Structures are given as structure tokens and as C-alpha cells.
Amino acid sequence: MASGKRRALVTGGAGFLGQHLVQQLLDTAQYDVTIFDIKAPEDSKVTVVVGDLRRMDQLLAAVRGKDVVFHCAAAAPSAENAMNNTLMQAVNVDGTANIIKACQEAQVPHLVYTSSASVVFEGKPLHMVNEDQPYATKPMDFYTRTKIRGEQLVLAANGQAGLSTVALRPSGIFGEGDPIFVPTVVKQARAGKMKFVIGNGKNLMDWTYVGNVAQAHVQAAAALAGPRSSRVAGRAYFITNQDPRPF
Ligand code: NAD
């Protein structure tokens, strides 16, 4: 740590959450940040490595010398990817296994994984549940199945080969730069397709502001590096706003 700063790698740092996380890490003035992403961000204040989670050689080179890896990259359940189970398995499960292996080989001590609150959802109402809630036995889609498997791999790796891990579970993320949810709602509304209600219109859905999700990542890394690391290492945490919002 020549600069006295911690060296962080953010996988998916060109994405929606990743960009917010990179900015918040820079705002702390405690991190030198590198992005690892299959696509380069449009502009960036930090070092960018364009690489693929499926390429172990690229990952190993990128994680070497880092103090913490934030693993935010994923093949998202976009219209383009939704039916591509092979891609989601290769990126979200095998790519996560690669990250773990790379961290262990390069002796990176801390790994923060972006999971999803959907890992416990299987179509039935969930109200005020906590992290004791078991994983969904029938996840709502293949993407969620890959997020469950990725989280299981990350948590099982805690304490193995010098690596401490934590998993964060945001719900649907909203905020500045959102590429999916709000743009989709606006598109549907403009096309006149918002005139139906599922259920009685009182359904609640948990949404998480992107700044809160990014902040949770910064805090999780600080906790892993702090004196009470053993209290958080190997655990998963839901990241929510205070109240569920009407959906
Ligand atoms: P995003 O699609 O904006 O960002 C994901 C990034 O990963 C992209 O920049 C993409 O280029 C990169 N990526 C994809 N495949 C890659 C590969 N093979 N190698 C390297 N980089 C690759 O998605 P996001 O909304 O920012 O999601 C970030 C994380 O949060 C993901 O792990 C996602 O599962 C999780 N999450 C998102 C939401 C949400 O509502 N957006 C909710 C819960 C959890």
C-alpha cells in the first residue's frame, strides 16, 4: 500500500451499480480503484481492465496485489440474456468460482459479492423475513438460480486459503443511471401498456436505492478489514430501504 490507500478491484465496474460503487470508493479517499469489466465505461477516473470473468488468466492478472475485490459483475436477466442459461451459468456461477479461485491464488484477503434478495423468493409473500430465511427451493428463474449458486460458493469460500467473504442481497435497484426498471416502465407507459393491475393493487415490492447498495458494499469491505471481521465474514445481508413500496 505505497499510497496508504487500499487497492480495490470492482468487477462490473462499468455497470449500473458498479459505477456508483466506484464513485463512492473514490469519495472515501481511502481506495485506489480498478474496474474489471467486459465492456469499458464511457469515461472513467480509474484504471480499467477490459476482461471476461470466464478468463482465469485475465482475472488472475487483475486481482493480483488487490486488498479487496467487489464482485458486482453478472450476466443480468435482460431481454437479451434471459433465455441464455448457458451464458448465465458460465458468467454468474463459473465466473464467480473463477473470482474466488483467483483471489485465493493471489492472496487477496477480502471478497464482497453482490447477491440478490431474490435468492429467498419463490412466489409466496415474504414480509419482515431476515437472513435465516432459507434459499428458494424453486427459484423464480434461471438467473436467480445462478445468483443462489454464486452466493453459496462465495460464502463457502470464507475462511479458505486466507479469504474472508461477505454477500450482499439488494432487492430491485433504482436510482441514477438505472438501465432497466424505470426505462422499461416509461417505455410500457408510452406504449399504453400500463393499464392493468396484477392482484388487488396493494402488492408491495422491496426496492433499494443504488446509493444505499453501493454504500453497503463500502461498509462491508470496511467491516471485513476491521477488528470485528469475524462477525460479518461468511454471512449474507439483505440490503433494503426502510419500507416496501407499492409495486
Ligand atoms: P449491469 O448489467 O448494469 O452491470 C453488470 C456489469 O457486469 C456490466 O457492466 C457488464 O458489462 C459486466 N459483465 C457482464 N458479463 C461480464 C463478464 N463475462 N465479464 C466481465 N464483466 C461482465 O447490472 P447491475 O444492475 O449493475 O447489477 C450489478 C449486480 O447487482 C449484479 O451482480 C446483479 O446480479 C446484482 N443485482 C442487481 C439488481 C438490480 O435490480 N439491478 C438487483 C439485485 C442484484
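Further up the page is the structure itself.
Residues numbered from 1 in each chain as written. Predicted model: local features only at pLDDT ≥ 70, side-chain atom pairs only at ≥ 80, totals over all residues. Heavy atoms only, no water.

**Comments concerning the site of the ligand**
In the vicinity of the ligand, 26 residues are found, and the nearest of them are Leu-17, Asp-37, Tyr-143, Lys-147 and Ile-173. In this structure, Gly-15 approaches the ligand through a main-chain N or O atom, which is 3.1 Å from an oxygen atom. The contact in question runs from an oxygen atom of the ligand to an N or O atom on the backbone of Ile-173, over 2.9 Å. Of all the secondary-structure elements, those providing two or more residues to the shell around the ligand are helix H1 (16–28), helix H4 (142–156) and strand S7 (172–174). Looking at the shell around the ligand residue by residue, the classes come out as 14 nonpolar, 8 polar and 4 charged. (Near = heavy atom within 4 Å. Polar contact = N/O pair within 3.5 Å; in protein donor to acceptor, adjacent residues only side chain to side chain. Helix = DSSP H or I, 4+ residues; strand = E, 2+ residues; numbered from the N terminus. Nonpolar A, V, L, I, M, F, W, Y, C, P; charged D, E, K, R; others polar.)

**Description of the sheet that holds strand S5 (residues 110–114)**
Across the sheet, 7 strands lie side by side as S3-S2-S1-S4-S5-S6-S10; this open sheet has parallel pairing. The two strands at the open ends of the sheet, each matched to only one other strand, are strand S3 (47–50) and strand S10 (235–239). Averaged over all adjacent pairs, the angle separating strand axes in this sheet is 20 degrees, with direction ignored. Packed onto the sheet, H1 meets strand S1 (6–11), strand S2 (31–37), strand S4 (68–71) and S5 and runs at close to 165 degrees relative to S2. Packed on one face of the sheet, helix H2 (residues 56–63) meets S1, S2 and S4 and runs near 170 degrees to S2. (Pairing = 2+ DSSP bridges. Axes fitted to C-alpha atoms, helices over the stretch in contact; angles between N-to-C directions. Contact = heavy atoms within 4.5 Å.)

**So, the packing of helix H3 (residues 85–105) against H4**
Look at H3 against H4: their axes get within 9 Å of each other, and the N-to-C directions meet at 10 degrees. Taken as axis vectors, H3 and H4 run roughly parallel relative to one another. Residues Asn-85, Met-88, Gln-89, Asn-92, Val-93, Thr-96, Ala-97 and Ile-100 of H3 form the contact with H4, whose own contacting residues are Phe-142, Tyr-143, Thr-146, Arg-149, Gly-150, Leu-153 and Val-154. The class makeup of the residues in the contact of H3 with H4 is 8 nonpolar, 6 polar and 1 charged. (Parallel < 35°, antiparallel > 145°, perpendicular 65-115°, else oblique.)

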